[in-house]
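So you can see what is in the structure, the chains are spelled out below.
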Amino acid sequence: QQLIEEPGQKWRPVFEQGLDGRITRQAGVPKNFELTGRVQLTDESHSVLHFRAEANATTAAATAKSDGYILALDGALNSLAKTGSISKLATIRAELIPVGVWFDLFLRCEETDMGTMISVFINGIPFVHVTDKSRMASGQDLFLYTDGAGSVKIENMRVREIGS
């Protein structure tokens, strides 16, 4: 599939297609960015996309403790925060994405005068739009972490810088 090109805003691939590892790191993600791709979760997968993370967060424990924002990608029935939730900022408690179904994920993270604005869309539907006035994270790493009980599959995951 060909990447979408717009003047001054070039998409670049992130991660590998068909991931099955526990933690995968993508360094050098811009501070203000959009990320898009297709995602599929399996039963009992507890997965997260940790963005604006610090480079030293190379293990699951370090990822959980480091600065950054955490987007839940969760197929587990007993999880309190469901797919689309942003840890400590916006929690979705209803299971809106069935396991085994591919969905389109779009994430936007941008600094504004009011704080860090984060928007999550799934299949084009707005799930979360929140502003973090504390601006708690400024790292440039992106981590995809799966706890090992399930898996997450991705296709055509890409990122581009926005604004300046």
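Report follows, based on the coordinates. (Residues numbered from 1 in each chain as written. Predicted model: local features only at pLDDT ≥ 70, side-chain atom pairs only at ≥ 80, totals over all residues. Heavy atoms only, no water.)

### Let's talk about the overall build of the protein
At step 1: Scanning the protein for helices and strands turns up one helix and 12 strands.
At step 2: Its helices and strands taken in sequence order, the protein reads β-β-β-β-β-β-α-β-β-β-β-β-β from the N to the C terminus.
At step 3: Sorting the 164 residues of the protein into buried and exposed places 48% on the buried side.
At step 4: Across the protein, the fraction of contacts at a sequence separation of at least 24, relative to all contacts at a separation of at least 6, is 67%.
At step 5: About 8200 Å² of surface is accessible on the protein, with carbon and sulfur atoms providing 51% of the total. (Helix = DSSP H or I, 4+ residues; strand = E, 2+ residues; numbered from the N terminus. Buried < 20%, exposed > 50% of the residue type's maximum accessible area, 1.4 Å probe, protein only. Contact = heavy atoms within 4.5 Å. Areas by Shrake-Rupley, 256 points an atom, 1.4 Å probe, with all protein chains shown as cover.)

### Structural notes on the sheet that holds strand β10 (residues 125-132)
At step 1: Strand order across the open sheet formed by six strands is β3-β12-β5-β8-β9-β10, with antiparallel pairing between neighbours. In the strand order of this sheet, the two ends are held by β3 (12-13) and β10, each with one partner.
At step 2: Bridge analysis of β3 against strand β12 (residues 152-161) gives two bridges, and the strand direction is antiparallel. Across the sheet, residue Arg-12 finds its bridge partner in β12, namely Val-159. (Pairing = 2+ DSSP bridges.)

### A short note on the nonpolar core
At step 1: Of all hydrophobic cores here, the largest spans 32 residues; its most connected members are Leu-35, Leu-49, Phe-51, Leu-105 and Leu-107.
At step 2: Of all the secondary-structure elements, those providing two or more residues to this core are β5 (33-41), β6 (46-53), β7 (69-74), β8 (103-112), β9 (115-122), β10, β11 (141-146) and β12.
At step 3: If sequence neighbours within four positions are ignored, Leu-35 has contacts with Trp-11, Val-14, Leu-49, Leu-105, Phe-106, Leu-107, Leu-142, Met-157, Arg-158 and Val-159. (Core = buried A, V, L, I, M, F, W, Y, C linked by side-chain atoms within 4.5 Å.)

### Points about the pairing of β10
At step 1: Two elements, β9 and β10, share seven bridges in a ladder whose sense is antiparallel. If you follow Ile-118 over to β10, its bridge partner there is Val-130.
At step 2: The loop that links β9 with its antiparallel partner β10 comprises two residues; one of these, Asn-123, has a positive phi angle of about 55 degrees.

### Some points on the environment of Val-29
At step 1: Structurally, Val-29 is set in the loop between β4 (23-26) and β5.
At step 2: Put simply, Val-29 and Gln-140 are 111 residues apart on the chain and 4.9 Å apart in space, counted from C-alpha to C-alpha.
At step 3: Leaving out residues up to four positions away in the same chain, Val-29 has contacts with Arg-12, Gln-140, Leu-142 and Val-159.

### Things to note about unusual backbone geometry
At step 1: In this structure, Asn-123 is a non-glycine residue whose phi angle is positive, near 55 degrees.
At step 2: Relative to the elements of secondary structure, Asn-123 occurs in the loop between β9 and β10.
At step 3: Phi at Asn-156 takes a positive value of approximately 50 degrees, unusual for a residue other than glycine.
At step 4: The topology assignment puts Asn-156 in strand β12.

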